[in-house]
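# Structural characterization, general
Chain by chain, the residues run as shown.
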Amino acid sequence: PGGVPCGVQGAVGVVGGEALGTQGHVHEPGAMASPVFDSGVPAPPSPWARVAGWCLALPLLCLLVPPNFLFFLSLVIYLLGTSSPALLASLVGVYAAWCWWTNDWKYQAAYLTSEATVRRLRDLLRLALDSLGCSCRIILEYAPEEESNQRYIACYNPHGAFATAGICYAMAEFRVHEKLSNMRGNLIGASVLFYVPFLRELLLILGVRDASRKTTEALLGANRSIGMQPGGVWEQLHTDSNQEQCFCMPRLGFLRLALRHGFPVVPIYAFGENQMYTTHSLGLGLRQWLARRFRVGLPIVTGRFHLPFPLIPHPTRITIVAGKPIPVGEPNADPSPADLARLFAKYEQELKRLFDKYKSEALPNHVADNGLRVVWRGE
């Protein structure tokens, strides 16, 4: 989601009720501190890899971070428009034709590229952030077995200002991770993302599909898991680098889908996603109105060196934790408000359990001390 949605190295297997790590450490059976998988803290990149990563990170940040993208796209259009209008028109026409020809791809459950291609792309995305001083640790408290036919709805929280960690660290793992890939599914993202040049291609390669109701129902009906960011633009807008908070939309659509199809809900928490940029509350009222009216999140942030532009993230240690599935029972075609409220209470409880368990090691002290707010906008 990160790099979950909705897609995380080392391996830990479960043998005879004991978790056996890659270093040969055996944990006591049933010990609360023993995840099914813990990648550990990765080693920093070598000097040469860091240089290569910086060269890769700069164009990548121009693609993933909207203020950077809008600036450079406007600059390219201006330069080409003044120097070679014919070339600009040709490029726009070719890309428009490509988008028209590939428009249906965002609705297809089938993967568009090989697993090897996604793995290489994942490595490049990780290298780009690692070279900027970031790192990512993946912890799974539960992972589906390879032969399991169970499907899930995986929910990545929080959204963050631009879901930078989710895209670079988490998204590809839904496809290629040795444990998470057993969910066998697709990530879904906001429809507007598929109108952003070049970002749409990146998302399609990573297995992200349009989050329209029709597509989502089709994926679930085909017995596919889905990964999503349930907080949406409202959570993006209210990203706060000093206060961890998760928002759920009034209709609890993601929980309604889980109840309709009988798919367990897997909460995933990304510690550090909110700390990649420093957030500011300037013009929050206006931005809330824009979010309600046009469904667009416009966080105001500064990045490394306290610069508003170009936006380079702070060196941040990301810890992505997948919690235990929340069972929902048999499929219920028409869940009642009481059913939704009960499931939301369980979802909130699991999110707060994950937060309390890992906050001291995964967040700055002042952020951990502020606790986690989980807000259902329908209450």
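Notes on the structure in this doc start here.

What counts and what doesn't
Within each chain, residue numbers correspond to sequence positions counted from 1 in written order. Residues qualify for local features only when their pLDDT is at least 70, as the model is predicted, and side-chain atom pairs are given and counted only at 80 or more; totals for whole chains, interfaces and linings, by contrast, use all residues. Hydrogens are left out, water is left out, and the side-chain values use all remaining heavy atoms of the structure. Working definition: helices are DSSP H or I runs of at least four residues, strands are E runs of at least two. Numbering for both runs from the N terminus. Burial classification: accessible surface area is computed with a 1.4 Å probe over protein chains only, and a residue below 20% of its type maximum counts as buried, one above 50% as exposed, and the rest as partly exposed. Any two residues whose heavy atoms approach within 4.5 Å at even a single point are treated as in contact. In protein, a polar contact means a hydrogen-donor-capable atom and an acceptor-capable atom, both N or O and within 3.5 Å, with residues adjacent in sequence counting only if both atoms are side-chain atoms; elsewhere, any N or O pair within 3.5 Å suffices. Only the contacting stretch of a helix is used when fitting its axis, a line to C-alpha atoms as for every element, and angles between N-to-C directions run 0 to 180 degrees. The labels follow the angle: roughly parallel below 35 degrees, roughly antiparallel above 145, roughly perpendicular from 65 to 115, and oblique for the rest. Throughout, the ten residues Ala, Val, Leu, Ile, Met, Phe, Trp, Tyr, Cys and Pro are labelled nonpolar, Asp, Glu, Lys and Arg are labelled charged, and all others, Gly among them, are labelled polar. Between the first and last residue of a helix there are one fewer steps than residues, each counted as 1.5 Å, and that sum is the expected span. In this analysis the local bend is the angle between axes fitted, respectively, to the seven residues ending at and the seven residues starting at the residue. In summary, the pairing rule links any two rings of Phe, Tyr or Trp, Trp by its six-membered ring, whose centres are within 6.5 Å, and it sorts them by plane angle into stacked for under 30 degrees, edge-to-face for over 60 and tilted for everything else. Our definition puts a charge over a ring when NZ of Lys or CZ of Arg is within 6 Å of the ring centre and also within 35 degrees of the ring normal.

Another point: unusual backbone geometry. Following Asn157, the chain continues to Pro158 via a peptide bond in cis, the omega torsion being -15°. Structurally, Pro158 can be placed in the loop between strand 5 (153-157) and helix 5 (164-169). Positive phi is not limited to glycine here, since Phe305 has a value of about 65°. By relative accessible area, which is 57% here, Phe305 ends up exposed.

Here we come to the side chain of Thr216. Examined against the element boundaries, Thr216 turns out to sit in helix 8 (residues 213-221). Of the residues examined, Thr216 reaches a relative accessible area of 4% and is grouped as buried. Sequence-distant contacts of Thr216, defined by excluding residues within four places in its chain, comprise Ile188, Ala211, Ile226 and Leu257.

Next up on the list: the side chain of Gln245. Here Gln245 shows up in strand 9 (residues 244-248). Of note is the side chain of Gln245, whose polar atom sits 2.7 Å from the backbone oxygen of His238. Apart from residues no more than four positions distant in its own chain, Gln245 is found in contact with Pro158, Glu235, His238, Asp240, Asn274, Leu372 and Arg373.

Here we take up the packing of helix 2 (residues 66-83) against helix 3 (residues 85-101). Axis separation between helix 2 and helix 3 bottoms out at 5 Å; the angle between their running directions is 130°. Relative to helix 3, the element helix 2 lies oblique. Along its contact with helix 2, which presents Ile77, Leu80, Gly81 and Ser83, the element helix 3 presents Pro85, Leu87, Leu88 and Leu91. Of the residues that constitute the contact of helix 2 with helix 3, the class distribution is six nonpolar, two polar and no charged.

A separate point is helix 1 (residues 47-64). In an α-helix there are 3.6 residues to a turn, and that puts residues three or four apart on one side. Relative to the 26 Å expected for 18 residues at 1.5 Å per residue, helix 1 spans 24 Å between its end C-alpha atoms, a close match to the ideal helical length. Taking the largest bend as the criterion, helix 1 deviates by roughly 30°, centred on Ala57, and proline Pro59 comes between one and four positions later. For helix 1, the full list of buried residues reads Gly53, Ala57, Leu60, Leu61, Cys62, Leu63 and Leu64. Against helix 2, helix 4 (115-130), helix 5 and helix 7 (199-205) lie the buried residues of helix 1.

Glancing now at the packing of aromatic side chains. Given two aromatic rings, their pairing is described by the distance between the two centres and the angle made by the two planes. Counted according to the given criterion, the structure contains 14 aromatic pairs. Seen in terms of ring centroids, Tyr269 and Phe271 are 4.7 Å apart; in terms of plane orientation they differ by 50°. Their pairing is tilted. In this pair, the class of Tyr269 matches that of Phe271, namely buried. With 6.1 Å between their ring centres and 25° between their planes, Phe271 and Phe355 make a pair best called stacked. In this pair, Phe271 sits in strand 10 (residues 265-271) while Phe355 sits in helix 12 (residues 337-362), placing the two residues 84 residues apart along the sequence. Each member of the pair Phe271 and Phe355 is classed as buried. Of note, Arg224 hangs over the ring of Tyr111, and the distance from its end group to the ring centre comes to 5.3 Å. Over the ring of Phe294 we find Arg293, and its NZ or CZ is 5.2 Å from the ring centre.

Structurally, Ser360 can be placed in helix 12. Judged by its relative accessible area of 59%, Ser360 is exposed. For the pair Ser360 and Leu340, spaced 20 residues apart in sequence, the C-alpha separation works out to 31 Å.

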